[in-house]
Amino acid sequence: MRVLVPFDAAEPKTRLSDVFDRRERAEFAYAMLEDVLEAVRESGEEPELLATAPLADERDFSVPVAVDDRPLSPAINDVLAGADEPVAVVMADLALARPIDLRRLVDVDEEVVAVPGRGGGTNALVIRHPEFRVDYHGVSFRDHREIAARIGAEFTAFDSHRLATDVDERSDLVELLLHGEGHAADWLDAAGFRLAETGGRVTVQRTDGSDSERLK
Ligand SMILES: Nc1nc2c(ncn2[C@@H]2O[C@H](COP(=O)(O)OP(=O)(O)OP(=O)(O)O)[C@@H](O)[C@H]2O)c(=O)[nH]1
Ligand SMILES: C[C@H](OP(=O)(O)O)C(=O)O
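Bear in mind that the values here come from a model prediction, so they are computed numbers and not experimental data.

Student: What should I look at first to understand the overall build of the protein in this one?
Tutor: Helix and strand counts for the protein stand at eight helices and nine strands. Relative to the compact-globule value of 17 Å for 216 residues, the protein shows a C-alpha radius of gyration of 17 Å, a close match. Based on the C-alpha atoms only, the size of the protein along its principal axes is roughly 50 × 40 × 30 Å. Looking at the protein as a whole, 49% of its 216 residues are labelled buried. The long-range share in the protein, meaning contacts at least 24 apart out of those at least 6 apart in sequence, stands at 61%.

Next comes the structure, spelled out in structure tokens:
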């Protein structure tokens, strides 16, 4: 099985601009990427990075890197069109992913297996049907289910709290501080982020108070 990990190396994690400055967004995105690549590798598969630009500072994760500056869906669909084996797509912001979660996912023997993300997206796909093509962004989980139905492919949703947690927004950082054990969780801790009980849902705050300045 080929396992693609798409990565926006040019302008990562813009929805975290209210929490991190630009340099921090990049550092955090690379920390999550490293977690995902390690989890894929330890699950027994070989990840392939599909990046929008060469990696910053000549970073080397010892994985093959294909640079394709097209938007996400055409870049993935190009690989799917030429694939002669099953293809998995695992997003680079699944910082809670463990090897066992990914192993269980790729072991589900259906034509299309999809992990729903928070807020309607698709955090991971395993594709064994030759005609299936992706359509990311918007309510992509629903779109992928519909695409599978249209081509007559079996479709299964894979239920996993860890794989369903894509870290896009400030509120997602709560899950990472609570359940994370890898590079991204360590980075967040070292940057001074802590869980905060402010009534209602738990939030995150930076111990030096700099994030509340940024939120004003
Ligand atoms: N190859 C490739 N990967 C992308 C592209 N856009 C996003 N990604 C990656 O796809 C995954 C999901 O991306 P999103 O959460 O939608 O976008 P993001 O860039 O991480 O964050 P935002 O800028 O906040 O939307 C992440 O692993 C991104 O790095 C793209 O155009 N090409
Ligand atoms: C790529 C996109 O990610 P999201 O914007 O939902 O995090 C999707 O899953 O369709």
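Student: Just to check I follow, could you spell out the nonpolar core for this structure?
Tutor: Counting residues in hydrophobic clusters, the biggest one holds 51 residues, and the most contacted among them are Phe7, Leu33 and Leu105. Leu105 has contacts with Val113, Val115, Ala124, Val126, Phe158 and Leu163, leaving out every residue within four places of it along the chain. Of all hydrophobic cores here, the second largest spans 19 residues; its members include Leu16, Phe20, Ala95 and Leu96.

Student: Sorry if this is basic, but what is going on with the sheet that holds strand 4 (residues 87–90) here?
Tutor: Within a sheet, neighbouring strands are paired by backbone hydrogen bonds and run either parallel or antiparallel to one another. Overall, mixed pairing links the seven strands, which are arranged 3-2-1-4-6-5-7 in an open sheet. Pairing within the sheet leaves two strands with one partner each, and these edge strands are strand 3 (65–67) and strand 7 (155–157). Averaged over all pairs of adjacent strands, the angle between their axes in this sheet comes to 20°, without regard to strand direction. Sheet analysis places strand 1 (residues 2–7) next to strand 2 (residues 47–51), joined by five bridges and oriented parallel. What sits directly across from Val3, in strand 2, is Pro47. Lying over the sheet, helix 2 (residues 72–82) contacts strand 1, strand 2, strand 4 and strand 6 (122–127), oriented at roughly 165° with respect to strand 1. Contacts from helix 4 (residues 140–150) reach strand 5 (112–116), strand 6 and strand 7 within the one sheet, and its direction differs from that of strand 7 by about 155°.

Student: What's the story with the environment of Leu177 in this structure? I'm lost.
Tutor: Inspection of the secondary structure assignment puts Leu177 in helix 6 (residues 172–179). With relative accessibility at 21%, the residue Leu177 sits in the partly exposed group. As a C-alpha pair, Leu177 and Arg194 span 17 residues in sequence and 7.2 Å in three-dimensional space.

Student: Explain the pattern of salt bridges here, please?
Tutor: One side chain can pair with another of opposite charge once the charged atoms of both are near each other. Tallied over the entire structure, the rule returns 15 salt bridges. A salt bridge links Arg25 to Glu11; the shortest N-O distance between them is 3.0 Å. Residue Arg25 is located in helix 1 (residues 22–42), and its partner Glu11 is located in the loop between strand 1 and helix 1; the two are separated by 14 residues in the primary sequence. Overall, the relative accessible area of 7% leaves Arg25 in the buried class. Here Glu11 falls in the partly exposed class, since its relative accessible area comes to 29%. Arg118 is the partner of Asp172 in a salt bridge, and the nearest nitrogen-oxygen pair spans 2.7 Å. One end of the pair, Asp172, is in helix 6; the other, Arg118, is in the loop between strand 5 and strand 6, and 54 residues separate them in sequence. Residues joined in a network through salt bridges with shared partners are Lys13, Arg15, Asp93 and Asp168.

Reading the values: the criteria
Each chain carries its own residue numbering, running from 1 in the written order of its sequence. Ligands are numbered from 1 and chains lettered from A, in the order in which they are written. The predicted origin of the model limits local features to residues at a pLDDT of at least 70 and limits the giving and counting of side-chain atom pairs to 80 or more, whereas totals for whole chains, interfaces and linings rest on all residues. Excluded from the side-chain calculations are hydrogens and water; all other atoms, namely the structure's heavy atoms, are used. Counting from the N terminus, the helices are DSSP H or I runs at least four residues long and the strands are E runs at least two residues long. Here the globule rule reads 2.2 Å times residues to the power 0.38, and the radius of gyration is calculated from C-alpha atoms. Relative accessibility thresholds used throughout: buried, under 20% of the residue-type maximum; exposed, over 50%; partly exposed, between the two (1.4 Å probe, protein chains only). The contact criterion used is simple: two residues touch if any of their non-hydrogen atoms lie within 4.5 Å. Only buried residues count toward a nonpolar core, which is a set of Ala, Val, Leu, Ile, Met, Phe, Trp, Tyr and Cys residues joined through side-chain atoms within 4.5 Å. For two strands to be treated as a pair, DSSP must find at least two bridges joining them. Between N-to-C directions, angles cover 0 to 180 degrees, with each direction set by a line fitted to C-alpha atoms, over the stretch in contact for helices. Salt bridge, as used here: a side-chain nitrogen of Lys or Arg that lies within 4 Å of a carboxyl oxygen of Asp or Glu.

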